[in-house]
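# Structural features, examined
Residues per chain are reported as follows:
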Amino acid sequence: MSAFPSRHAVRALALLTTALALALPSLAQQHAHTHGRLSMDVAVDAQTLTLTIESPLDGFLGFERAPRNDAERQRVSDMVARLNAADQLFLPDPAAACTLSKVTLHSAVLGLGEENKEGVHGQGHGHDDKPGHAKDEHADIDIDIVFNCAQAPQARHVDVKLFEAFPRIRAIDAQVASPQGQFKRTLRPNAPRLQLGR
Ligand SMILES: [Zn+2]
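Residues numbered from 1 in each chain as written. Predicted model: local features only at pLDDT ≥ 70, side-chain atom pairs only at ≥ 80, totals over all residues. Heavy atoms only, no water.

- The name given to the protein in an unreviewed UniProt entry is Metal ABC transporter substrate-binding protein, with Hylemonella gracilis str. Niagara R as the source organism.

Structure (structure tokens):
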């Protein structure tokens, strides 16, 4: 038997595998910007429960740019205060004995992030957007929430109060990684409890 066809096939397969490897992670990480929806990754480890949220800013603010007047600035600081009190918005199963450890907010148009802990004040007009990114387009907010838990794997659910606090949010696409495996759940205002087991 000639070695050529199979070597050819192997090379074709290698190319295909490379193409898939390049395509799949971007598919998995790509979150569509859909107003009213947010995505939330939930990771349950031995002693931590971590929520990683990516959302259109619209769901939390009703606008997606830097605030332009006092009323909008007030809206931003109310949002920041509510999100920083994340244990009022996300209630882990008491069996896990969790306490809120850390909340990190990031939103470039609001000047929220690691280098801008003072929030929106003194941020000018938000010119730190990427070049070629028109102003007054859509914008997101990233929210990382960490709970420390005595028994994180004991958590069977997390009650989510986000729909009441921010009525513009209509659906949460949750992806859970727990000792019981990985799975997806969609939460809605009439079904706000995230089950962490199968
Ligand atoms: Zn938008």
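Moving on from the coordinates now.
### Some details on the coordination of the zinc ion
- The protein atoms that coordinate the zinc ion are His-33 (NE2), His-35 (NE2), Glu-64 (OE), Glu-64 (OE) and His-138 (ND1), at distances of 1.9 to 2.7 Å.
- If you list the donors of the zinc ion from N- to C-terminus, the spacing comes out as H-x1-H-x28-E-x73-H. One end of the pair, His-33, is in the loop between α1 (4-29) and β1 (37-44); the other, His-138, is in the loop between β4 (98-106) and β5 (140-149), with 105 residues separating them in the sequence. (Donors = N, O, S within 2.8 Å, 3.2 Å for Na, K, Ca; no water. Helix = DSSP H or I, 4+ residues; strand = E, 2+ residues; numbered from the N terminus.)

### Observations concerning the side chain of Asp-93
- Tracing the backbone through its elements, the reader meets Asp-93 in the loop between β3 (90-92) and β4.
- Although Asp-93 is buried, it makes no salt bridge; Arg-156 carries the closest opposite charge, 5.3 Å away.
- A polar contact is formed between the side chain of Asp-93 and the backbone nitrogen of Arg-156, at a distance of 2.9 Å.
- Those residues in contact with Asp-93 that lie beyond four places of it in its chain are Gln-154, Ala-155, Arg-156 and His-157. (Buried < 20%, exposed > 50% of the residue type's maximum accessible area, 1.4 Å probe, protein only. Lys, Arg positive; Asp, Glu negative; His and termini not counted. Salt bridge = Lys/Arg side-chain N within 4 Å of Asp/Glu carboxyl O. Polar contact = N/O pair within 3.5 Å; in protein donor to acceptor, adjacent residues only side chain to side chain. Contact = heavy atoms within 4.5 Å.)

### A few points about the nonpolar core
- One finds Met-40, Phe-60, Met-79, Phe-90 and Leu-162 to be the most contacted residues of the largest nonpolar core, which totals 46 residues.
- The element contributing the most residues to this core is β5, with five residues.
- In this structure Phe-60 touches Leu-38, Ser-55, Met-79, Leu-83, Ile-141, Ile-143, Leu-162, Phe-166 and Ile-169, once residues within four positions along its chain are discounted. (Core = buried A, V, L, I, M, F, W, Y, C linked by side-chain atoms within 4.5 Å.)

### Let's talk about the pattern of salt bridges
- What the rule picks out here adds up to five salt bridges.
- Taking the shortest distance from any N to any O, the salt bridge between Arg-37 and Asp-173 comes out at 2.7 Å. Here Arg-37 is found in strand β1, whereas its partner Asp-173 is found in strand β7 (residues 171-178), with 136 residues between them in sequence.
- The exposure class assigned to Asp-173 is partly exposed, which follows from its relative accessible area of 30%.

### What to know about helix α3 (residues 70-84)
- Counted at 1.5 Å a residue, the expected span for α3 with its 15 residues is 21 Å, and the 21 Å between its end C-alpha atoms agrees.
- Regarding α3, the residues found buried are Glu-72, Val-76, Met-79, Val-80 and Leu-83. Buried residues along α3 cover an arc of 95 degrees about the axis, so they all sit on one side. Residues Asp-70 and Ala-71 are exposed on α3 and point more than 90 degrees away from its buried face.
- Considering only its buried residues, α3 is in contact with α2 (58-61), β4 and β5. (Expected span 1.5 Å × (residues − 1). Arc of directions from axis to C-beta.)

### Considerations on the pairing of strand β8 (residues 181-187)
- Examined bridge by bridge, β7 and β8 share seven bridges and lie antiparallel to one another. Bridge assignment links Ala-177 to a residue of β8, and that residue is Gln-182.
- Count of turn residues in the β7/β8 antiparallel hairpin: two residues. (Pairing = 2+ DSSP bridges.)

### A closer look at unusual backbone geometry
- The backbone of Ala-97 shows a phi angle near 50 degrees, a positive value even though the residue is not glycine.
- Within the secondary structure, Ala-97 sits in the loop between β3 and β4.

### Quick notes on the state of the cysteines
- Inspection of the entire model under this criterion finds one disulfide.
- Shown here is the disulfide that connects Cys-98 with Cys-149, its sulfur atoms set 2.1 Å apart. Residues Cys-98 and Cys-149 share a disulfide whose torsion about the S-S bond is about 105 degrees; that sign makes it right-handed. One end of the pair, Cys-98, is in strand β4; the other, Cys-149, is in strand β5, and 51 residues separate them in sequence.
- Classification of Cys-149 by relative accessible area gives buried; the value is 4%. (Disulfide = S-S within 2.5 Å.)

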